[in-house]
Structures are given as C-alpha cells and as structure tokens.
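So the chains spell out like this:
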Amino acid sequence: MASLLASYLRQAGTAHVFGYPGESVVEFMEATRDGGPAIVAAVREASAAFMAEGAAMCTGQLGVCLSTLGPGSTALLNGVASATLDRIPMLAISGQVDSSREQFWTHQVVDHNRLFAPVTKLAARLEPRSADTVIRKALRTATAERPGAVHLTVTTDSFGITVTGSENGARVPPLAPAATTLDFYGAEPLRQLSQARRPVLLAGGGAVRCGATAALTRLAERAGMPVVVGAMAKGVISEDHPYFAGVLDMAGHRVIWDLLARADLIVTAGFDSVELITPWQIGTPVLHVDTTPNTDQVYPAATEITGNVAAALETIDAHWYGAQRWTPAEVAAHRAALRQAWQDGYASGRLNPSEVVSTASEAAPAGTIVTADVGSHKIITGQAWVARAPRETLITNGLSAMGFGLPAAIGAAVSRPGTPVVCLTGDGGFAMTATELSVASRLGLNLVVVVFSDGSLNRIELHQQSLGYPLTATSVDRTDIPVLAESLGCDGVRVDSVTGLEKALDFRRTRPLVIEARIDPGQYSAQF
Ligand SMILES: Cc1ncc(C[n+]2csc(CCOP(=O)(O)OP(=O)(O)O)c2C)c(N)n1
Ligand SMILES: [Mg+2]
C-alpha cells in the first residue's frame, strides 16, 4: 500500500511530504525513495503540518504531511486543524500499530479517526482492499470546495502489503474548482447590483482559488467599486491598484468597517467568514458570491451567486452598465485615512512595528513570499505589507495558531526554490518554532526571518491591560536570538533602528538570516 499511496501523490503533483519518522511509516518513506515525493524532515510534527500548509498556500496544490502513530499524530493535530479552518487542501498521513493489535493495544495507540474527525473534512483508514478508492476519495475531499484537511491512518502491516491500483496514472480525480458553473439564488441578484449607488467588493480566499484576479480587477475598474480583501486573500487585487481599499480586520480596521457600513451593497467575491476577527455588526445588504452557498450565515444575504468566482464576476461585469460608482479620488481618500490609522502611535526615533513591515516590504524583491505568525505583528503586517499578487502573502486567520509563520515560510521556500521568502514573526511564536531553523539551514533555503522582539505576548498583554489586570504569564523570556540563529546554522543580527534594518535586509542568501528587530510596541497600545 505504501507504493500505491506514493504513486497517487506523485500523480497528484505532490513534490514534498513534510514529516517526522516513526517505525510505522518507514515502509512508506522507503516507497518514496525512487521517484518521490521527497520526504522533508522537520524538527517536530506540529511544524511539519504547518510546512505542508505553507507549501499548499503558495502553490495552490495539496499539502502533505506525515507522522507516526500516537505521539506523532497528536503532535500533528494543530497544523491539520489549521488547514481545515484556513481552507487549505491537505492530506495528513499517520502510521498506526499493526492491525492485529489495533483494536486493543495500549502502548502509543490513540484512535486517529476520533482524534481527527472534528478538525478534518474526512478521517479515514486505508485498508488494502479499498485503498485505491479511499485514496481517491481523500484527494477529492481535501481539494473540493471548500478545501481542507483529510487524515489517513495506515497500519504498519498494511503499508507493507502490495496492492494494485492506479500506477498507470489515469485515476487521479480532478483537483481544481469548477471552471464556469454558476447557480443563482434569491430575487434578481444582478438587478440589485445595477440599483446600487455605493457598492463595495469584499474578496476572499475563494477568489484566490478560482484565479479571479483579472475578473475582479476588471469589474472594480468598470463599475468603480472599491475592493476590500480578507487577510488570507491579500494580493488578489494588487495593493497599488487605485480601487484597492484595504484588508479587513487588520490594523486600522475601523476605517474599513466604516466604508462597508456606508456602502449600500456589499458584493462578496469568495469571501469566507474565517477571514473575520470582529463580529459582523453592519446592516448593509450583501450579494454573496462564492464557490459555496452562504451556509455560515455569519452575515445575512438575500441573494447568492455560487460557482466559480471568476465566472461569477465576469457575468456581473457583462451585465454592468452605468457610470463608475466611486471615483478613484474617493477611494484614495479612504486609503489615506486607513494609512493614517495603521500608523497611529508612531514614535519618531524608535523602531515602530509598522516601519519594520514597510521597510521589509520595500526591500523585498518582486515576487517575494511573506509569511506572518500570529499576534499584534500579524495585525500590522496584514495591512502594511504591500501585496501585488495572490499566494505571496501567507497568513493564517482560520485557526490563527502561533507557530505557523516560520514553518510555513520553510514549506514555501522548499516548494518554490529560488523564490525569496521572508517570515515576519513575534518573539513568542518564534520561540515556539525556532529550532526549525536547522531545517532551513540544512536545505540552504533563501529565507529571511524578522523577529518582532518586544519581550511580550503583546496581543494578550494588551488584553490584560485593557481589563486592568496585572500582567501574568505574558512576558517572553529573552534569548540571544542572533546567537541562537548562528547555533542553528543561520546568520543572525540584532537591529533597533530603520537604518539598521535596511542594512540587514539582504535577500540574496546562501544561508538563512534571522534579524532580531527590537521594536517599540507603542503603536500596538495606541491602535489595538
Ligand atoms: C498556539 C497558540 N497559542 C496561543 C494563542 C493565543 N495568542 C494569540 S496572539 C498571542 C501572543 C503572540 O505573541 P508574539 O508571538 O510575541 O507576538 P506579538 O503579539 O508580541 O506580536 C497569543 C498567546 C494562539 N493564537 N496560538
Ligand atoms: Mg511579542
């Protein structure tokens, strides 16, 4: 069964499996030796799953991770849940004890199907006689809209059993969203649109998956509609486009919510409620355009167009008539107000978090992939980083697990060789995953890590402060980050000024680089 699974993965275009070994998966790893996919060993399973998620986010293909039974599979869980909530297609594979003992043995045995069921679209077990079907089911389930994680359990003995299947390559199911199909729900969605005077587009991950950038940009220009995007869809419209109107629920979020509240219609474009952080409290009517119906009902929408998001936007465009609803000058004024909001609390002579993001964004060569971890630095990065294309800004807003940023950057760098990758991380999330730097060093990745060093779990510290509580358990123990980086085979440097940061940022690397940016967190206190 090991070679059948390896063969399906190759046919599905999987180049890398991110994992950590155990006896139960040795047969599978051996089956990949000739012809791949390549096994990339992480320092721990939790990071391996985030590496797979990062690889899937930037390539648009299935991410694959691997663990052994029990302690391996339980460690994998966070990244698997993350893929499901972030709507990223992932196949997570775990070994299991021999089938002769699986029903009663205690040492290291947990029931994977019960463990993974709540955090996956499907948790299944490969049996020799049905493996061919179940692998196809797993591939199709992970990639079908909305995508997410599938977990497969394989017992040690069945990995060793030879089964015949699709080695000749014809049986991998389609793995992409439908190209053109559309369904209409509710009364005359297109008329609703023509009557709107202040409509705003709200784009999300579905637009990225459907490759809707050109259709979205054309519609925004023709109709004169500002485009707000979810953090996980950054770049789906270039952020230097005159109709780009900012990122929802990142820094300066009140300015964006004001725009949406003042609109007379919100047209979603593959927007998904996992892209929200604050509750939906506005009464603006919504036309829901997505690959799936509005089953979440986080916002009410009387009309829906479902199917391929690019095709839906093209249909709207084809039926559009009348003048541009917003002028570029009006959108520019909104963007200026937004910029002012995310720079609030700026202190001259200090290293402000927004400056770290802007400086890195300006220094990064075109096409650079950026990842953010989770915390106050993510909220600033989501707004201040200038994204020009989709799948280049990798942010988790579904599970929003700390410990995502560095592994996701490694996964991205592995799967897009030669592309510069920068990880923007808090010191707390960095401490969770720093030892993964040895993987980046081992593989000679073109990776720059910028640590927002503030000695605190800032996002939680601010919450304690706002409640008037003394600070408890929210400081981050200081480590000598450059020394730590050096000891893991990377270059390391500490900066406390913009000029220092500019000098340190070097994207032509043979060794990964870690920059400890000693920031003043005043902007966070002023804004969040
Ligand atoms: C795995 C995990 N544990 C806890 C949290 C809750 N949490 C959200 S932000 C945050 C603080 C992050 O601190 P740091 O990495 O230093 O980033 P900063 O907020 O300082 O920018 C915490 C603890 C989380 N999101 N994920
Ligand atoms: Mg911090």
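Everything below is about the structure shown above.
What you are looking at is a predicted structure, and each value in this text was computed from that prediction instead of being measured.

Some points on the packing of aromatic side chains
Applying the stated criterion across every chain, the model contains seven aromatic pairs. Between Phe50 and Phe404, the ring centres sit 6.0 Å apart and the planes meet at 85°, which makes this aromatic pair edge-to-face. Taken together, the residues span a long stretch of sequence, with Phe50 in helix α3 (residues 45-59) and Phe404 in the loop between β15 (393-394) and α16 (405-415) at a distance of 354 residues. The exposure classification of Phe50 matches that of Phe404, with both residues buried. Seen from their ring centres, Phe271 and Tyr299 are 6.5 Å apart, and the 40° between their planes marks the pair as tilted. In this pair, Phe271 is assigned in the loop between β11 (265-269) and β12 (286-290) and Tyr299 in the loop between β12 and β13 (303-307), connecting sequence segments 28 residues apart. There is no split in this pair, since Phe271 and Tyr299 are both buried. Each member of the aromatic cluster is reached from another via a ring pair, and the members are Trp257, Phe271, Trp280 and Tyr299. Just above the ring of Trp105 sits the side chain of Arg101; from NZ or CZ to the centre is 4.9 Å.

Considering the nonpolar core
Soluble globular proteins: nonpolar side chains tend toward being buried together. Within the largest apolar cluster, 89 residues are counted, with the highest numbers of intra-cluster contacts made by Trp280 and Val450. In this view, Trp280 contacts Leu202, Trp257, Ile266, Phe271, Val286, Val298 and Tyr299; residues no more than four positions away in its chain are not counted.

Things to note about the site of ligand 1
In the neighbourhood of ligand 1, 17 residues make up the surrounding shell, with Ser376, His377, Asp427, Gly428 and Gly429 lying closest. Taking Ser376, its main chain carries an N or O atom lying 2.9 Å from an oxygen atom of ligand 1. Taking His377, its side chain carries an N or O atom lying 2.9 Å from an oxygen atom of ligand 1. Here ligand 1 has 590 Å² of accessible area as a free molecule, and 79% of this is covered by the chains. Among the secondary structure elements, those contributing two or more residues to the shell around ligand 1 are α15 (376-384), α17 (427-433) and α19 (458-466). Tallied by class, residues from the shell around ligand 1 come to five nonpolar, nine polar and three charged.

Some words on the coordination of the magnesium ion (ligand 2)
Taken together, the protein donors to the magnesium ion (ligand 2) comprise Asp427 (OD), Asp454 (OD) and Ser456 (O), at separations of 2.1 to 2.3 Å. Mapped onto the sequence, the residues coordinating the magnesium ion (ligand 2) show the spacing D-x26-D-x1-S. With Asp427 in helix α17 and Asp454 in the loop between β17 (447-453) and α19, the pair connects residues that are 27 residues apart, well separated along the chain. Here Asp427 falls in the buried class, since its relative accessible area comes to 7%.

Criteria and thresholds
Residues numbered from 1 in each chain as written. Chains lettered and ligands numbered in written order. Predicted model: local features only at pLDDT ≥ 70, side-chain atom pairs only at ≥ 80, totals over all residues. Heavy atoms only, no water. Phe/Tyr/Trp six-rings, centres within 6.5 Å; stacked < 30°, edge-to-face > 60°. Helix = DSSP H or I, 4+ residues; strand = E, 2+ residues; numbered from the N terminus. Buried < 20%, exposed > 50% of the residue type's maximum accessible area, 1.4 Å probe, protein only. Lys NZ or Arg CZ within 6 Å of the ring centre and 35° of its normal. Core = buried A, V, L, I, M, F, W, Y, C linked by side-chain atoms within 4.5 Å. Contact = heavy atoms within 4.5 Å. Near = heavy atom within 4 Å. Polar contact = N/O pair within 3.5 Å; in protein donor to acceptor, adjacent residues only side chain to side chain. Areas by Shrake-Rupley, 256 points an atom, 1.4 Å probe, with all protein chains shown as cover. Nonpolar A, V, L, I, M, F, W, Y, C, P; charged D, E, K, R; others polar. Donors = N, O, S within 2.8 Å, 3.2 Å for Na, K, Ca; no water.

Any link to function would need more than the numbers given here.
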